[in-house]
Amino acid sequence: MGKYLAALFFPGLLVVLFTRVTYNALVGLVLTVALIAISVYRGYTDTLPLLIIDALSLTAGFWYSRRMSRKFV
């Protein structure tokens, strides 16, 4: 249950964090996808529903970071 809650929140928050640091939403998304790919390779993300939740969180984080970056530019 803890993995699913983490997968629901952390990827989206990482996209927003990396976007704020790099000032580019696409770079934030790519860095977060790279981190998730490493976790899949290491075996921490092991089920398909967990990957789907990660993808939904990434999408929501990317949407929010694009919306947020348009306000400040």
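These numbers come from a predicted model, not from an experiment.

### What to know about the overall build of the protein
So, step 1. Assigned secondary structure in the protein consists of 3 helices and 0 strands.
So, step 2. The secondary structure elements of the protein, listed N-terminal to C-terminal, are α-α-α.
So, step 3. A compact globule built from 73 residues should have a C-alpha radius of gyration of about 11 Å, and the protein, at 12 Å, falls within 12% of that.
So, step 4. Its C-alpha atoms give the protein principal-axis dimensions of about 40 × 20 × 15 Å.
So, step 5. Counting over 73 residues, the protein shows a buried share of 26%.

### A word on helix α2 (residues 25-42)
So, step 1. With 18 residues, α2 should reach 26 Å at 1.5 Å per residue; the first-to-last C-alpha distance of 26 Å fits that figure.
So, step 2. Along α2, the residues classified as buried are Ala25, Gly28, Thr32, Ile36 and Ser39. Viewed along the axis of α2, the buried residues span an arc of 65°, placing them on a single side of the element. Exposed side chains of α2 directed beyond 90 degrees from the buried face belong to Leu26, Val30, Tyr41 and Arg42.
So, step 3. Sitting at the amino-terminal end of α2 is Asn24, which places a side-chain oxygen 3.1 Å from the backbone nitrogen of Leu26.
So, step 4. Positioned one or two residues after α2, Gly43 has a phi angle of 100°, which is positive.

### A closer look at the environment of Leu58
So, step 1. With respect to the element layout, Leu58 can be found in helix α3 (residues 48-72).
So, step 2. On the basis of relative accessible area, Leu58 is assigned to the buried category, the value being 11%.
So, step 3. Taking the C-alpha atoms as reference, Leu58 lies 5.5 Å from Pro11; in sequence the two are 47 residues apart.
So, step 4. Not counting the four nearest positions on each side in its chain, Leu58 is found in contact with Pro11, Val15, Leu29, Thr32, Val33 and Ile36.

### A word on the UniProt feature "transmembrane region" (unreviewed entry) in the protein
So, step 1. The feature "transmembrane region" (unreviewed entry), as annotated in UniProt, sits at residues 21-41 and 47-65 in this numbering.
So, step 2. What you have in residues 21-41 is 90% helix and 0% strand, and the ends, taken at the C-alpha atoms, are 26 Å apart.

### What about the layout of surface pockets?
So, step 1. Of the voids in this model, the largest pocket is the one considered here, and its volume is about 260 Å³.
So, step 2. Lining the largest pocket are 13 residues, and of these Ala7, Ile36, Ser39, Thr45 and Asp54 sit closest to its centre.
So, step 3. Elements that contribute at least two residues to the lining of the largest pocket include exactly α1 (2-22), α2 and α3.
So, step 4. Here the lining of the largest pocket gets 6 residues from one element, more than from any other, and that element is α1.
So, step 5. Residues belonging to the lining of the largest pocket are distributed by class as follows: 9 nonpolar, 2 polar and 2 charged.

The rules behind these values
Residues numbered from 1 in each chain as written. Predicted model: local features only at pLDDT ≥ 70, side-chain atom pairs only at ≥ 80, totals over all residues. Heavy atoms only, no water. Helix = DSSP H or I, 4+ residues; strand = E, 2+ residues; numbered from the N terminus. Rg over C-alpha atoms; globule rule 2.2 N^0.38 Å. Buried < 20%, exposed > 50% of the residue type's maximum accessible area, 1.4 Å probe, protein only. Expected span 1.5 Å × (residues − 1). Arc of directions from axis to C-beta. Polar contact = N/O pair within 3.5 Å; in protein donor to acceptor, adjacent residues only side chain to side chain. Contact = heavy atoms within 4.5 Å. UniProt positions renumbered as here; feature names shortened; annotations may be inferred. 1 Å grid on protein atoms, 1.4 Å probe; cavity = no way out; pocket = protein on both sides within 12 Å on 5 of 7 lines; lining within 4 Å. Points joined across faces, edges and corners; volume = space filled by probe spheres on them. Nonpolar A, V, L, I, M, F, W, Y, C, P; charged D, E, K, R; others polar.

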